Amino acid sequence: MSPGTAVPLAGARTALAAATPAGAVGHRPVAGSVHSWDLSTGVDGPGIRFVPFLAGCPLACLYCHNPDTWKMRDGKRVLAGDLVAEAAKYQAFIRAAGGGATLSGGEPLLQPVFAGELLHRFKHELGLHTALDTSGYLGVRATDALLRDTDLVLLDIKAWDPALYKRLTGRQLRPTLDFARRLARLDKEVWVRFVLVPGLTDDPSNIEGVASFAASLGNVTRVDVLPFHRLGASKWERLGLDFTLRDTPIPTAPEVAAARGTFEEYGLPTV
């Protein structure tokens, strides 16, 4: 099922007590806003992944390919138990393929209780490797319990220059860097994601800044250099939004290779 496909619901599991401490306080099932879910390979963590796309995001990235996930109200209200039951259908296949479950979005940490519940149950009920795909901007909302239930963080560091970061996202860079440092203190495995956008993020000093910072953390085991693309442009148009990067070129293979080379010079494996 691709992002944008309605999430199928099983019956409500009202008798099941919430697994996480936050949910247990209310003694009621935890629900959240979900845009869609998908099965993916290789791009959202190791192996085959069950990937729920949670609705809502505090950023408005100029190159976002899923602007239809920005608003929580546009998602579908889903019980965590129903989403876990959906993942359970693929449990044996996912585990055999060395995969797991990845929370993506949108921004999962906009719904930290729901995200924590899902990560806990994916890990402890289904025995799946868990990953959190986040910009880190709302990292302060990630409790220690949530991070204990997270095996891998896919951290988007969109730029090193604070002014450029603000231009790209509409937000400040510092919360992401603070969250990255916290993950390093916790020795939590991180894959850094960096989108290469010609004319914006491709300045050598910007790439080197991200590379130097990532290398200094000691817990970054991989960097995904993601070439900018325009595949989400039609979504912007349908939503009545101005896709200002419509004329931005796709980076060439040598440009992508050069960016990867910078990260590798700092001892960081790249994809």
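As a reminder, the structure under discussion sits directly above these lines.
Bear in mind the structure is a predicted one, so any value in this text is a computation, not a measurement.

**Notes on the overall build of the protein chain**
Line of reasoning, step 1. Looking only at helices and strands, one finds 10 helices and eight strands in the protein chain.
Line of reasoning, step 2. Relative to its 271 residues, the protein chain shows a buried fraction of 52%.
Line of reasoning, step 3. Summed over all atoms, the accessible surface of the protein chain reaches about 11800 Å², with 55% contributed by carbon and sulfur.

**Quick look at the sheet that holds strand S2 (residues 48-54)**
Line of reasoning, step 1. What the eight strands build is an open sheet, ordered S3-S1-S2-S4-S5-S6-S7-S8; its pairing is mixed. Here the strands that pair on one side only, and so sit at the sheet edges, are strand S3 (76-79) and strand S8 (220-227). In this sheet, adjacent strand axes meet at a mean angle of 30° when their direction is disregarded.
Line of reasoning, step 2. As paired strands, strand S5 (residues 129-134) and strand S6 (residues 152-156) are joined by four bridges and run parallel to one another. Each bridged residue has a counterpart across the sheet, and for Leu132 the counterpart in S6 is Val153.
Line of reasoning, step 3. Across the face of the sheet, helix H2 (residues 80-88) comes into contact with strand S1 (31-41), S2 and S3 while running at roughly 75° to S3.

**Notes on a negative patch on the surface**
Line of reasoning, step 1. A surface patch of like charges, here negative, comprises Asp161, Asp202, Asp203 and Glu255.
Line of reasoning, step 2. Relative to the helices and strands, Asp161 is located in the loop between S6 and helix H6 (162-169).
Line of reasoning, step 3. Of the residues examined, Asp161 reaches a relative accessible area of 39% and is grouped as partly exposed.

**Notes on unusual backbone geometry**
Negative phi values dominate among residues other than glycine, just as trans dominates among peptide bonds.
Line of reasoning, step 1. With an omega of 20°, the peptide bond between Gly105 and Gly106 qualifies as cis.
Line of reasoning, step 2. The residue Gly106 is located in the loop between strand S4 (100-105) and helix H4 (112-124) in this model.

**Digging into the environment of Gly45**
Line of reasoning, step 1. Within the secondary structure layout, Gly45 lies in the loop between S1 and S2.
Line of reasoning, step 2. Look at Gly45 and you get buried, because its relative accessible area is 0%.
Line of reasoning, step 3. Once residues within four sequence positions are removed from consideration, Gly45 is found in contact with Leu152, Leu154 and Trp191.

**As for the nonpolar core**
Line of reasoning, step 1. Among the nonpolar cores identified, the biggest contains 71 residues, and Leu118, Phe122 and Phe263 are the most heavily contacted of them.
Line of reasoning, step 2. Per element, the largest residue contribution to this core is six residues, and it comes from helix H8 (residues 204-217).
Line of reasoning, step 3. With near-sequence residues (within four places) excluded, Phe122 lies in contact with Phe50, Pro52, Leu83, Val84, Ala87, Ala101, Leu103, Gly127, Leu128 and Thr130.

**Things to note about the pairing of S2**
Line of reasoning, step 1. Counting buried residues in S2 gives seven out of seven residues, a clear majority hidden from the surface.
Line of reasoning, step 2. Here S2 shows no split at all, with Ile48, Phe50, Pro52 and Leu54 on one side and Arg49, Val51 and Phe53 on the other all buried.
Line of reasoning, step 3. In this sheet, S2 lies alongside S1 in antiparallel orientation, the contact comprising seven bridges. When the sheet's bridge partners are listed, Thr41 is paired in S2 with Ile48.
Line of reasoning, step 4. Following S1, the chain reverses through six residues before pairing antiparallel with S2; Gly42 in that reversal takes a positive phi of roughly 85°.
Line of reasoning, step 5. Pairing of S2 with S4 involves four bridges; the strand directions are parallel. Paired with Phe53 across the bridge in S4 is Ser104.

Rules used throughout
Residues numbered from 1 in each chain as written. Predicted model: local features only at pLDDT ≥ 70, side-chain atom pairs only at ≥ 80, totals over all residues. Heavy atoms only, no water. Helix = DSSP H or I, 4+ residues; strand = E, 2+ residues; numbered from the N terminus. Buried < 20%, exposed > 50% of the residue type's maximum accessible area, 1.4 Å probe, protein only. Areas by Shrake-Rupley, 256 points an atom, 1.4 Å probe, with all protein chains shown as cover. Pairing = 2+ DSSP bridges. Axes fitted to C-alpha atoms, helices over the stretch in contact; angles between N-to-C directions. Contact = heavy atoms within 4.5 Å. Patch = residues over 30% accessible without salt bridge, like charges linked within 9 Å, V, L, I, M, F, W, Y side chains within 5 Å. Salt bridge = Lys/Arg side-chain N within 4 Å of Asp/Glu carboxyl O. Lys, Arg positive; Asp, Glu negative; His and termini not counted. Charge placed at Lys NZ, Arg CZ, Asp CG, Glu CD. Core = buried A, V, L, I, M, F, W, Y, C linked by side-chain atoms within 4.5 Å.

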